[in-house]
Amino acid sequence: MKAPWLTRFSVEKPRLVIALTLAITLAFLTQLPRAITDTDPKNMLPETSPVRVSNDEVERWFALPKDVIVLGIVNNDGVFNRETLGRIAQFTEEIFKIPGVVVRDVTSLTTVDNVRVEEGQLAMRPAVADIPRTPEAMAVLKQSLLSNPLFINRLLSPDGTTTAIYIPLEPGANAKVIADRIRAILPKETGGERYYLAGDPVARDTFGIQMFYQMAIFSPLAGMVMFVVLWWMFRNLTLVFSVMGVAMVSIVWSMGLLIGVGLPVHIMSSMIPVFLMAIATDSIHIFNEFYFRFREVPDKKQAILDTIRAVGRPVRYTALATAAGFAVLAFMHIIPVKIFGLFVAFGTVVIRLMSFSLIPAVLTLIKDERIRAVSRTEDETTHWASRRLSGLASVGLTRSRLLMAGGLVLLAGAVLGIVRIHVNNNMVDWFKPHSEIRVADRIMNEKLGGTSLAYLVGISGEADFWKRPEALRYLEGLQKDLEGMAVVGKTFSVADYVKRINRVLHRDDPAYDRIPDSATEIAQYLFLFGMAAKPSDLDNVVDYPFEKINLWLNLKTWDAQAMRDVIARVRAYTAEHPLPGAVFRPAGIAYFNLTWNDEVLSDMLRGFIIALFLVFVILVFNFRSLRWALVAYTPLLFTILMIYGAIGYIGKDFDMPISVLSTLSLGMAVDFAIHFVGRFQQRYAKEPDLEKALLWTAARPGKGIMRNAALFAVAFSAMAFAPLTPYITVGLFIVSMMLLSAAVTLVGIPALIVIFQEGLNLSSIKEKTP
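The rules behind these values
- Residues numbered from 1 in each chain as written.
- Predicted model: local features only at pLDDT ≥ 70, side-chain atom pairs only at ≥ 80, totals over all residues.
- Heavy atoms only, no water.
- Helix = DSSP H or I, 4+ residues; strand = E, 2+ residues; numbered from the N terminus.
- Buried < 20%, exposed > 50% of the residue type's maximum accessible area, 1.4 Å probe, protein only.
- Contact = heavy atoms within 4.5 Å.
- Lys, Arg positive; Asp, Glu negative; His and termini not counted.
- Charge placed at Lys NZ, Arg CZ, Asp CG, Glu CD.
- Polar contact = N/O pair within 3.5 Å; in protein donor to acceptor, adjacent residues only side chain to side chain.
- Pairing = 2+ DSSP bridges.
- Axes fitted to C-alpha atoms, helices over the stretch in contact; angles between N-to-C directions.
- Left-handed = near helix turned anticlockwise from the far one by under 90°.
- Nonpolar A, V, L, I, M, F, W, Y, C, P; charged D, E, K, R; others polar.
- pLDDT = per-residue confidence, 0-100.
- Domains from an automatic or database assignment.
- Buried area = accessible area lost by both parts, 1.4 Å probe.
- Salt bridge = Lys/Arg side-chain N within 4 Å of Asp/Glu carboxyl O.
- Phe/Tyr/Trp six-rings, centres within 6.5 Å; stacked < 30°, edge-to-face > 60°.
- Lys NZ or Arg CZ within 6 Å of the ring centre and 35° of its normal.
- 1 Å grid on protein atoms, 1.4 Å probe; cavity = no way out; pocket = protein on both sides within 12 Å on 5 of 7 lines; lining within 4 Å.
- Points joined across faces, edges and corners; volume = space filled by probe spheres on them.

Describing the overall build of the protein chain
Then, in step 1: For the protein chain, the count of helices and strands is 29 helices and 9 strands.
Then, in step 2: Counting the 770 residues in the protein chain, one finds 60% classified as buried.
Then, in step 3: Considering only contacts in the protein chain between residues 6 or more positions apart, those separated by 24 or more positions represent 79%.
Then, in step 4: Where the 77 positive side-chain charges of the protein chain centre and where its 69 negative ones centre are 12 Å apart.

Concerning the side chain of Glu289
Then, in step 1: Mapped onto the fold, Glu289 is located in helix 10 (residues 284–296).
Then, in step 2: Separated by 3.1 Å, the side chains of Glu289 and Arg679 make a polar contact.
Then, in step 3: Each residue touching Glu289, except ones within four places of it in the same chain, is listed here: Thr307, Ala310, Val311, Arg679 and Arg700.

A closer look at the sheet that holds strand 6 (residues 452–460)
Then, in step 1: Read across the open sheet, the 4 strands follow the order 7-8-6-9; overall the sheet is antiparallel. Among the strands making up the open sheet, the edge pair consists of strand 7 (488–492) and strand 9 (582–587). Between one strand and the next, the sheet's axes are offset by a mean angle of 25°, whatever the strand orientation.
Then, in step 2: In this sheet, strand 8 (residues 548–555) lies alongside strand 6 in antiparallel orientation, the contact comprising 8 bridges. Among the inter-strand pairings, Ser452 is bridged to a residue of strand 8, identified as Leu555.

Details of the packing of helix 23 (residues 589–623) against helix 24 (residues 626–650)
Then, in step 1: Between helix 23 and helix 24, the shortest axis-to-axis distance is 8 Å and the interhelical angle comes to 145°. Our pair here, helix 23 against helix 24, has a crossing hand that is right-handed. Across the interface between the two elements, Phe608, Leu612, Phe613, Val615, Phe616, Leu619, Val620 and Phe623 from helix 23 touch Leu626, Trp628, Ala629, Leu630, Ala632, Tyr633, Leu636, Leu637 and Ile640 from helix 24.
Then, in step 2: Its residues assigned to classes, the contact of helix 23 with helix 24 shows 17 nonpolar, no polar and no charged.

Details of the confidence of the model for the protein chain
Then, in step 1: Per-residue confidence for the protein chain averages 85 on the pLDDT scale, and 94% of its residues sit at or above 70.
Then, in step 2: Per-element confidence in the protein chain is highest for helix 18 (residues 469–483), whose mean pLDDT is 95, and lowest for helix 14 (residues 368–375), whose mean pLDDT is 70.

A word on the domain arrangement of the protein chain
Then, in step 1: Once the domains are mapped, the protein chain shows domain 1 (1–46 + 235–378), domain 2 (66–204), domain 3 (379–436 + 595–770) and domain 4 (462–580).
Then, in step 2: If you average the C-alpha positions of domain 3 and of domain 4, the two centres end up 55 Å apart.
Then, in step 3: Taken together, the two surfaces of domain 3 and domain 4 that pack against each other cover about 510 Å², and 34% of this comes from carbon and sulfur.
Then, in step 4: At the surface where domain 3 touches domain 4, the tally comes to 1 salt bridge.
Then, in step 5: The salt bridge partner of Arg564 is Asp598, with a shortest N-O separation of 3.0 Å.
Then, in step 6: Scanning the region where domain 3 abuts domain 4 turns up 5 residue pairs in polar contact (both at pLDDT 80 or more).
Then, in step 7: In the side of domain 3 that touches domain 4, the residues fall into 2 nonpolar, 5 polar and 2 charged.

Topic: the packing of aromatic side chains
Then, in step 1: For the structure on display, the rule yields 20 aromatic pairs.
Then, in step 2: For the ring pair Trp61 and Phe62, a centre distance of 6.4 Å and an interplane angle of 90° mean the geometry is edge-to-face.
Then, in step 3: Both rings, one in Phe465 and one in Trp466, keep their centres 5.1 Å apart while their planes meet at 75°; by these two values the pair is edge-to-face.
Then, in step 4: Residue Phe465 is classed as buried on the basis of its relative accessible area, which comes to 3%.
Then, in step 5: What links up through ring pairs into an aromatic cluster is the set Phe465, Trp466, Tyr474, Tyr573 and Phe584.
Then, in step 6: Across the ring face of Phe546, the terminal group of Lys467 is positioned such that the distance to the ring centre comes to 4.5 Å.
Then, in step 7: Geometry around Trp61 places Lys548 over its ring, the cationic atom sitting 4.7 Å from the centre.

Thoughts on empty space enclosed by the protein
Then, in step 1: This model, assessed by the stated rule, comprises 7 cavities of 30 Å³ or more.
Then, in step 2: By volume, the largest cavity is sized at about 770 Å³.
Then, in step 3: Surrounding the largest cavity, 44 residues form its lining, Val68, Arg154, Tyr166, Asn540 and Trp552 being those nearest its centre.
Then, in step 4: Of all elements in the fold, only helix 3 (50–61), strand 1 (67–75), strand 2 (113–118), strand 4 (162–169), helix 7 (200–234), strand 6, helix 21 (535–539) and strand 8 reach the threshold of two or more residues within the lining of the largest cavity.
Then, in step 5: Residues that form the lining of the largest cavity fall into these classes: 25 nonpolar, 9 polar and 10 charged.
Then, in step 6: Three or more residues apiece are contributed to the lining of the largest cavity by two domains, here domain 2 (66–204) and domain 4 (462–580).

As for the environment of Thr37
Then, in step 1: Relative to the assigned elements, Thr37 resides in the loop between helix 2 (14–29) and helix 3.
Then, in step 2: Linking Thr37 and Ala673, residues 636 residues apart in sequence, is a C-alpha distance of 37 Å.
Then, in step 3: Here Thr37 is in contact with Gly208, Met211, Phe212, Pro264 and Val265, once residues within four sequence places are set aside.

Comments concerning helix 26 (residues 690–699)
Then, in step 1: Here helix 26 lies mainly inside the structure; 7 of its 10 residues are buried.
Then, in step 2: Inspection of helix 26 places Leu690, Ala693, Leu694, Trp696, Thr697, Ala698 and Ala699 among the buried residues, and these make up the whole buried set.
Then, in step 3: Measuring from the side-chain oxygen of the N-cap residue of helix 26 to the backbone nitrogen of Glu691 gives 3.2 Å; that N-cap residue is Asp689.

And the structure:
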């Protein structure tokens, strides 16, 4: 069997191949500065998605801002003092000047309308129009505002120690930039106040900036560690540069193409470099075999061609399995999932192209004496690493049934762990616990109603339906029921306005803090309110035919499960207490996050299952045997079940980063098995002695497997120090997966072959390479 034509060409024209690779890489490199991020979950669903269309409808119906930043101000001695109120007024004025802020809808104590009666007429005045000058006047203001349910848990904490400024953003505004402008106006010496910036847009856009930092710092850091480990393994800088070059070329080509065609960088696509670095380490099998071959065949060009002939088939099929696993994601619904799958698959193809072109070209140019000096130690019978690996394989040979029993027990335990997995997503939790984002979110959720905003839209087909007393009382009852949930910190609707107006117009008598009995009276109240208040006050909670209402919910967590619980509670309430003529549907960023969470995870799970099937088909095609495919498939299944079982036991949420890693586990876990089984069959065809063939496979190709696993385990342990938890998860997951799948391959596959040797029909193995 000849080496691939591309390899033969690369050996004959190495400088041309290297020059062409560099030229193409430079062309893609010029695209990288044009990168833009997009962390808005709304843009991650197709424009025709029912949820996206529905959310856009709700925003139009009720003139709702797309994004809101929350500035929390906490003073443990209370915010009702001249200094704190003065600073709130000053901050509000400064926020008005920031580009990208919807000035007319900024809500603070100095801008929010307070319903009152002046000279027998309903009037609206800012809650803090003037800052009281005397303690007595301040006490009156404090008592007035803290007794107003419209303000409590939204603008003011019940104890008066916390207030908030709500800052709506114009479409397309960058929340991170605006948040930084807000931080700049906050005093350096805070006195008794502490300031917190929270809200989904702050977390989202801050994460977008951090994604670039991650790609700019931690991916190169992992690359540097890889460089050191590779040098320790092969002691040749040119060779090390070629290994790193394969990874860098695939990353630059993939990200350059992604950016060049005008696609933004999402959270998932920001992980493409990490995944490609992991996949690129498969080329280490070429160098591992080359060192052995060069020791046996001093002719360097012949050693290169023999190496590719020996490892070419396993390398091709590992690439095919990995690319197929990711390419399946292109048929999913979520846009970032499609992009991620397509470009990782493209990068995998690039890696394989480099394996058969760039690597042989570089090897051709390395001086023989440098390779000879290092390759002298590459002996599968004498080198300490090869002897240790043979020892591992001998455990599988001599204690195969014990290993089988132990493996089955571990699998049973893993299944029990998997059923305990909790599916959830929370972008705020993607920051470390002591990060500014997490601290602000935690404090604001403790002090006020919550930073996660959801809507519950009541829809009827009849004009003036929501002016009826029974309809508003129903809404009031639903609000009370929802406020009984631990995750709901505040609800607000048109019913609260009506109750407040009714009370104010009756000399603030608490007995009138209720829905009036007359639809006519309600209509008059709402008409007066609409004339006196800012347009957005009423627009945000009801449409003008009064066919639809918008119930606001502040949730105390960004967990997707919280919104799921709210929806279940609404369904239970409406089933038990139906309101004829009206239906309720959820909306808002919290609901969108839930939908995005479910869509991403279901897409990844569906893609994972399809990829599992495709990988098995590829294994059958590669080995031309169903039984040998099952042997190679076992380490994959074992590794996946063990790792996800561990996730269930430690209580880690099955979130987007974990689901994305499931596709990586397919390619990497089956990689080692393809190399081991393929090389074992080659050796057994030449020397049909089961024990010797297995020990040789563990000592020689197995050394490449352990080099691959150790390389990435060490390199990606650096990700544990990343500031964003998804990258920590990726790093630790890869380390665990690589080490476990390598161990299972080197010990488990020999055990399986020994146990099932009769069914595997070893005598039918034919030599695949000369």
